[in-house]
Every structure is written in C-alpha cells, then in structure tokens.
Amino acid sequence: MEIASAVSVVIVNYNAGPGLVDAVRSAISDAREVVVVDNASTDGSLSCLRATFVGDSRLRIVRNEENLGFARACNRGVSEATGDFLLFLNPDCELDSGAMLGLLAVMLADGEVGMAGGLLLNPDGSEQAGGRRAVPTPWRSLVRTVGLSKLARRWPRVFFDFYLHKQPLPAQPVEVEAISGACMLVRRNAMLDVGPLDEAYFMHCEDLDWCMRFRLSKWKIMFVPAAGMVHHHGVCSRARPIFVAWHKHRGMMLFYRKFFRHQYPGVVMWLVAIGVWLRFAFVVVRYLPGHVRSVLGLKRD
C-alpha cells in the first residue's frame with residue numbers, strides 16, 4: 001500500500017495563524033488528502049492557507065459557522081476524509097520528513113495496532129510531555145498534583161508519574177497506554193469498531209478518552225520514537241487561556257467520572273475533584289488580571 005493513497009490528514013484550525021500553513025506543508029506531500037476543518041477562525045489563517053496551496057486538489061477546507069470544539073470538528077473531518085488511515089494533526093505541529101511513513105509502517109506491520117503516535121519535540125529539540133504516557137488515573141493524578149511523584153524512586157509502583165518522557169527513549173516502537181491528540185494515526189476500521197471521538201469533550205482529554213476506549217476494545221496503541229515532529233504547544237489557546245483552562249479541567253472531570261467512578265472510593269474521587277478545581281482556580285488567578293486588562297483595552301505598566 002502506498003502512503004500517498006492510504007492516509008487522510010485531518011487538521012482542526014482555530015486561529016492558528018501562520019502555523020497552519022507549516023502544518024499542512026509538512027503533511028501534504030505524503031498524504032492522500034489534507035482536510036482542514038475550521039472552527040470559525042477570524043485571524044486570516046484560512047486566507048493564507050488558500051493562497052499558499054492555490055490549485056492543490058489534495059487540500060480540502062471545511063468551514064464551521066461556529067467553534068464546535070475539537071472532537072466535533074475532528075469527527076466532521078473524518079466524514080469528509082476517504083483514506084483507510086486517518087492522521088489527526090494539530091495546526092501547531094510540523095512533521096519531520098518521513099514521520100508519517102514511519103507511523104504507517106508500524107500500523108501495516110501489525111493488524112492489531114489501532115493507533116500510533118510519534119515523538120513530540122519542543123522547538124529546542126527536547127522531548128515534550130504527553131507524546132507517550134500512562135493513563136492518568138485518579139490516583140496517579142492525585143500523586144502528581146500533591147507532589148508525591150517525588151517518592152517514585154523508592155516506591156515506583158505506588159507513586160508512578162503517568163508522563164513517560166523523562167524515561168530513556170526506546171530504540172524501537174513500543175506499546176503504550178496513551179499518546180497525544182496532537183498527532184494520532186488511526187486505523188479507520190479500528191475507529192469504526194471503537195466509535196468516534198466523544199463530543200461531550202469540547203477540547204482536551206478527548207484523546208485520553210479515545211485511548212482508553214481503544215485499549216478496552218483490545219486495539220494496541222504504539223509510540224514510534226523515529227517519527228518525530230515539532231509541536232509549538234498552545235499556539236491556538238494563548239489568546240483565551242481561562243476559556244481553554246475551563247474546558248481542560250472540565251474534560252478531566254468528565255474523563256474521571258466516565259472511566260473510574262466505580263473503581264475508586266468516593267473519598268478519592270472527591271479529593272481528585274478538589275485538586276482539579278483548585279488547580280483551575282490557580283490558573284484563573286494567574287491569568288485574570290491580564291484578561292481584564294485585555295477586555296478594557298489597558299496596557300501593562
């Protein structure tokens with residue numbers, strides 16, 4: 001199977017600026033098509049995209065009249081895509097040359113692999129958190145929130161940190177519990193088996209939800225270290241940090257209730273909920289002054 005006929009790329013755009021062009025450029029040469037689903041952007045990113053790829057039949061643009069959120073926009077992109085494999089790519093993510101081929105090769109080598117993700121890199125070349133991780137169960141999240149992960153050196157099983165990027169990079173593709181929604185290659189047949197992204201999530205945690213459901217349906221999730229990409233994290237969310245933080249923390253609670261409320265004592269879930277919303281409160285305190293200044297048109301002193 002040739003990669004150019006196998007993979008449809010789905011990119012959800014919301015005011016991603018010039019990064020959108022870079023993301024499409026990094027993927028389009030190896031793809032059957034690139035479907036950009038725009039969530040009512042107002043920054044001119046679509047006009048720039050059209051001007052850059054004028055006449056390129058591989059680029060398809062779907063415009064939403066309002067911001068539908070990430071999961072709904074991805075699902076709409078899937079309905080427009082035609083490939084047997086679907087690469088969900090953030091507009092602030094640039095694939096290295098050969099990254100898509102590396103992800104696809106792992107999928108083609110094992111029919112039980114339903115999802116694969118690559119090595120997320122910061123602009124300085126360091127590995128970014130989230131590209132490979134364990135599922136953040138309520139206990140693991142509580143451990144991380146209150147700082148008990150520092151005890152993992154002595155009791156690694158009890159105080160395990162769900163992020164894996166601080167561990168040595170594996171030499172070969174390895175099975176993991178979860179990857180990042182910034183770059184997910186998904187087998188269409190597996191998606192039809194598991195179901196689409198859960199649209200109850202507006203943004204954030206829908207990728208973890210999907211990883212959980214893939215594993216519950218016995219599909220493997222692979223991390224491919226040779227498939228590298230630079231992720232300019234947070235480009236689309238900088239203008240509205242409190243809005244993004246609200247949906248992130250809301251998504252975390254939805255994820256915990258959906259998968260873990262019957263596995264953990266009520267007191268643990270309450271402690272987790274308190275930790276989640278305290279964390280959100282700290283975010284609000286951090287960003288609210290700047291938000292007020294922005295609304296009032298005031299400048300910093």
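A brief look at the structure comes next. (Residues numbered from 1 in each chain as written. Predicted model: local features only at pLDDT ≥ 70, side-chain atom pairs only at ≥ 80, totals over all residues. Heavy atoms only, no water.)

**A look at helix α3 (residues 45-52)**
Here is the rule we go by: Categorising residues by exposure relies on relative accessible area from a 1.4 Å probe, with only protein chains included: less than 20% of the type maximum marks a residue as buried, more than 50% marks it as exposed, and the intermediate range marks it as partly exposed. Strands here mean DSSP runs of E at least two residues long; helices mean DSSP runs of H or I at least four residues long; both are numbered from the N terminus. Along the arc lie the directions from the helix axis toward the C-beta atoms. A contact between two residues is defined here by any heavy atoms of the two lying within 4.5 Å.
Along α3, the residues that are buried comprise S45, L46 and L49. Buried positions in α3, seen along its axis, are confined to an arc of 95° and lie on one side of it. Looking at the buried side of α3, the elements it contacts are β1 (7-13), α2 (19-28), β2 (33-39) and β3 (59-64).

**Quick notes on the pattern of salt bridges**
We count it as follows: Here, a salt bridge means any Lys or Arg side-chain nitrogen found within 4 Å of an Asp or Glu carboxyl oxygen.
For the structure shown, the criterion picks out 12 salt bridges. Between D56 and R58 there is a salt bridge, and its shortest N-O distance comes to 2.8 Å. Owing to a relative accessible area of 30%, R58 belongs among the partly exposed residues under this scheme. D209 serves as the salt-bridge partner of R213, at 3.0 Å between the closest nitrogen and oxygen. Of this pair, R213 and D209 both sit in helix α8 (residues 206-216), separated by four residues, roughly a single helical turn. There is no split in this pair, since R213 and D209 are both buried.

**Comments concerning the packing of aromatic side chains**
We count it as follows: Ring pairs shown here join Phe, Tyr and Trp side chains whose ring centres sit within 6.5 Å, with only the six-membered ring taken for Trp; geometry is labelled stacked below 30 degrees between planes, edge-to-face above 60, and tilted in between.
Inspection of the entire model under this criterion finds five aromatic pairs. Taken together, a centroid distance of 5.3 Å and an interplanar angle of 55° make the contact between F255 and F259 tilted. With F255 and F259 both in helix α9 (residues 241-260), this residue pair falls four residues apart, about one helical turn. One exposure class covers both F255 and F259, and it is buried.

**Description of a nonpolar patch on the surface**
So the rule is basically this: Each patch is assembled from residues with relative accessible area greater than 30% and no salt bridge, linking like charges that lie within 9 Å and nonpolar side chains (Val, Leu, Ile, Met, Phe, Trp, Tyr) that lie within 5 Å. Under the convention used here, a 1.4 Å probe and the Shrake-Rupley method define accessible areas, while residue burial counts only the protein chains that appear.
On the surface, a cluster of nonpolar side chains totalling about 520 Å² of accessible area is made up of V267, L271, I274, L278 and F282. With relative accessibility at 60%, the residue F282 sits in the exposed group.

**Digging into the pairing of strand β4 (residues 85-89)**
Put simply, the test is: Pairs of strands are assigned from DSSP output, requiring at least two bridges between the strands.
When you tally the buried positions in β4, you get five out of five residues, the bulk of the element. Of the two faces of β4, the one holding F85, L87 and L89 and the one holding L86 and F88 are both buried throughout. Bridge analysis of β1 against β4 gives four bridges, and the strand direction is parallel. Across the sheet, residue S8 finds its bridge partner in β4, namely L86. As paired elements, β4 and strand β10 (residues 183-187) share five bridges and run antiparallel to each other. In the sheet register, L89 faces β10, and the bridge partner there is C183.

**A look at the nonpolar core**
Selection rule: Buried Ala, Val, Leu, Ile, Met, Phe, Trp, Tyr and Cys residues form a nonpolar core when they are joined through side-chain atoms within 4.5 Å.
Core analysis: the biggest nonpolar cluster contains 52 residues, and F88, M115, W210, F214, F255 and Y256 have the highest contact counts within it. Element by element, the count of residues in this core is highest for α9, at eight residues. Judged by nonpolar contacts, the second largest core, of 39 residues, contains A23, L59, L87 and V224.

**A few points about unusual backbone geometry**
At C205, a residue that is not glycine, the phi angle is positive and equals roughly 80°. Considering the arrangement of structural elements, one finds C205 in the loop between α7 (188-194) and α8.

**A closer look at the side chain of N75**
We count it as follows: Counting of polar contacts relies on pairs of N or O atoms within 3.5 Å, with two restrictions inside protein: one atom must be capable of donating a hydrogen and the other of accepting it, and residues adjacent in sequence are counted only when both atoms are side-chain atoms.
With respect to the helices and strands, the residue N75 is situated in helix α4 (residues 70-80). Looking at N75, its side chain comes within polar contact range of the main-chain oxygen of L197, at 3.0 Å.

**Observations regarding the pairing of β1**
Where we set the bar: For a crossover, the right-handed case is the one in which the path from the first strand over the helix to the second runs clockwise, viewed with the strands pointing away from the viewer.
When you tally the buried positions in β1, you get seven out of seven residues, the bulk of the element. Burial along β1 is two-sided: the face carrying V7, V9, I11 and N13 and the face carrying S8, V10 and V12 are both buried. Taken together, β1, α2 and β2 constitute a β-α-β crossover, and its handedness is right-handed.

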